[in-house]
Amino acid sequence: MKKLGILLCTLTVLAACNEAQQKSEELMEEPTANTEEVTPQEPTKPEETEIWEPIPAKVDPMGQNGAPSDAIVLFDGTNFDAWESANEGGGEVQWVLNGDGSMTVKDKTGDIQTKQSFGSVQLHVEWRSNPDNKATNQNRSNSGVFLQNRYEVQVLDNNDNPTYVNGMVGSIYKQSIPLVMAAKPTGDWNSYDIIFHAPEFDAEGNKTKSGTLTVLLNGVLVQDHFELLGTTEYIGWPKNDAHGPAPIKLQDHGDQSGVKYRNIWVRNL
Ligand code: MG
């Protein structure tokens with residue numbers, strides 16, 4: 001009887017031991033399975049890192065008299081169809097259409113703007129300072145290219161004409177000094193290639209993302225993804241009132257600048 005008792009007792013202890021061991025193994029497995037990060041194995045064949053689709057659309061870079069085939073041509077020298085006066089009430093452009101594919105700012109007739117509104121864009125503009133303009137500082141061939149009617153990339157003749165550097169050619173007016181002065185001699189044609197990302201606002205009108213500007217002057221980087229502080233004001237701080245798509249504007253500085261423009265095109269981003 002005593003032996004049977006010992007045997008039963010031993011079997012009970014063994015069963016309890018087994019159960020405890022099983023539970024312990026389960027507990028050890030669970031956290032490992034849930035927390036272990038799966039590290040992707042590094043590809044060992046070249047084709048494993050090749051992506052074949054989607055195929056980018058084909059663009060002819062010179063497809064429209066020098067403008068890319070997918071660009072919106074804003075000015076090709078033949079007409080002002082894409083433009084209107086930026087004066088209150090709008091109206092026709094009063095600037096001068098020249099016979100050589102360019103336009104000239106007509107003094108004190110006001111800024112001009114595109115009829116179409118734009119968000120983020122790639123913009124190409126060519127401009128020429130007036131060699132007969134001998135004024136100084138901000139009055140020598142001053143104009144400007146405004147993105148969304150608010151953010152000015154300065155146009156100015158700074159060849160032997162010093163001015164405040166956050167208002168010189170290639171500056172984001174009163175916000176960002178250009179990296180270098182890359183303008184051509186007065187009277188030669190310059191080009192601006194501008195990448196603009198529009199600012200974003202929430203439903204309450206708060207800015208949630210700053211706009212940015214990258215600018216190349218004659219192919220030379222002068223603004224490198226600059227984060228706009230707000231509007232480019234002549235006097236006072238930058239403003240950040242909510243807005244949506246808006247026209248591209250060219251400035252009549254009102255001081256007989258004589259600045260010319262030609263070959264203007266834009267691509268929506
Ligand atoms: Mg200006």
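To start, this report covers the structure provided alongside it.

Rules of the game
- Residues numbered from 1 in each chain as written.
- Predicted model: local features only at pLDDT ≥ 70, side-chain atom pairs only at ≥ 80, totals over all residues.
- Helix = DSSP H or I, 4+ residues; strand = E, 2+ residues; numbered from the N terminus.
- Buried ≥ 20, exposed ≤ 12 C-beta atoms within 10 Å, placed from the backbone.
- Core = buried A, V, L, I, M, F, W, Y, C linked by C-beta atoms within 7 Å.
- Contact = placed C-beta atoms within 7 Å.
- Pairing = 2+ DSSP bridges.

Once that is clear, we can look at the overall build of the chain. Tallying secondary structure elements over the chain gives one helix and 15 strands in all. Residue burial in the chain is summarised as follows: out of 269 residues, 31% are buried.

A few words on unusual backbone geometry. Along the chain, E53 connects to P54 via a cis peptide bond; the corresponding omega equals 0°. Considering the arrangement of structural elements, one finds P54 in the loop between α1 (2–35) and β1 (72–75). One non-glycine residue with positive phi stands out, namely N137, at about 55°. Looking at where N137 falls in the secondary structure, it is placed in the loop between β6 (121–128) and β7 (143–147). Backbone geometry at D160 places phi at a positive 50°, although glycine is not the residue there. Note on placement: D160 falls in the loop between β8 (151–155) and β9 (189–197). Judged by C-beta crowding, with 8 C-beta atoms within 10 Å, D160 ranks as exposed.

Next up on the list: the nonpolar core. With 46 residues, the main nonpolar core has L213 and V266 as its most contacted residues. Contributions of two or more residues to this core are made by β1, β6, β7, β8, β9, β12 (212–217), β13 (220–227) and β15 (260–268). Those residues in contact with L213 that lie beyond four places of it in its chain are Y151, V153, I172, I194, F196, Q223, F226 and L228.

As a further point, take the sheet that holds strand β14 (residues 249–250). On the basis of which strands lie adjacent, the open sheet formed by five strands has the order β2-β5-β14-β7-β8 and antiparallel pairing. Two strands close off the open sheet at either side, each with one partner strand: β2 (83–85) and β8. When β2 meets strand β5 (residues 112–114), the two strands line up antiparallel, connected through three bridges. Following the sheet pairing, W83 is matched in β5 by T114.

Here H124 is to be found in strand β6. With 139 residues separating them along the chain, H124 and N263 place their C-alpha atoms 7.6 Å apart. With sequence-adjacent residues up to four places away left out, H124 is seen in contact with S191, D193, N263, I264 and W265.

Time to look at the environment of K184. By the secondary structure assignment, K184 is in the loop between β8 and β9. On the basis of neighbour counts, which here come to 14 C-beta atoms within 10 Å, the residue K184 falls in the partly exposed class. Sequence separation between K184 and D157 is 27 residues, and the spatial gap between their C-alpha atoms is 9.3 Å. Among residues more than four places away in sequence, those in contact with K184 are N190 and N218.

Turning to the pairing of β12, a few remarks are in order. Of the two faces of β12, only one is covered, namely that formed by L213, V215 and L217; the face formed by T212, T214 and L216 stays uncovered. The pairing of β12 with β13 spans five bridges and is antiparallel. Across the sheet, the residue bridging to V215 is Q223, located in β13.

Counting through the fold element by element, G99 comes out in the loop between β3 (96–97) and β4 (102–104). In the structure, G99 is positioned 22 residues away from G77 in sequence and 7.9 Å away in space, judged by C-alpha atoms.

In short, shape yes, function no, at least from these values alone.
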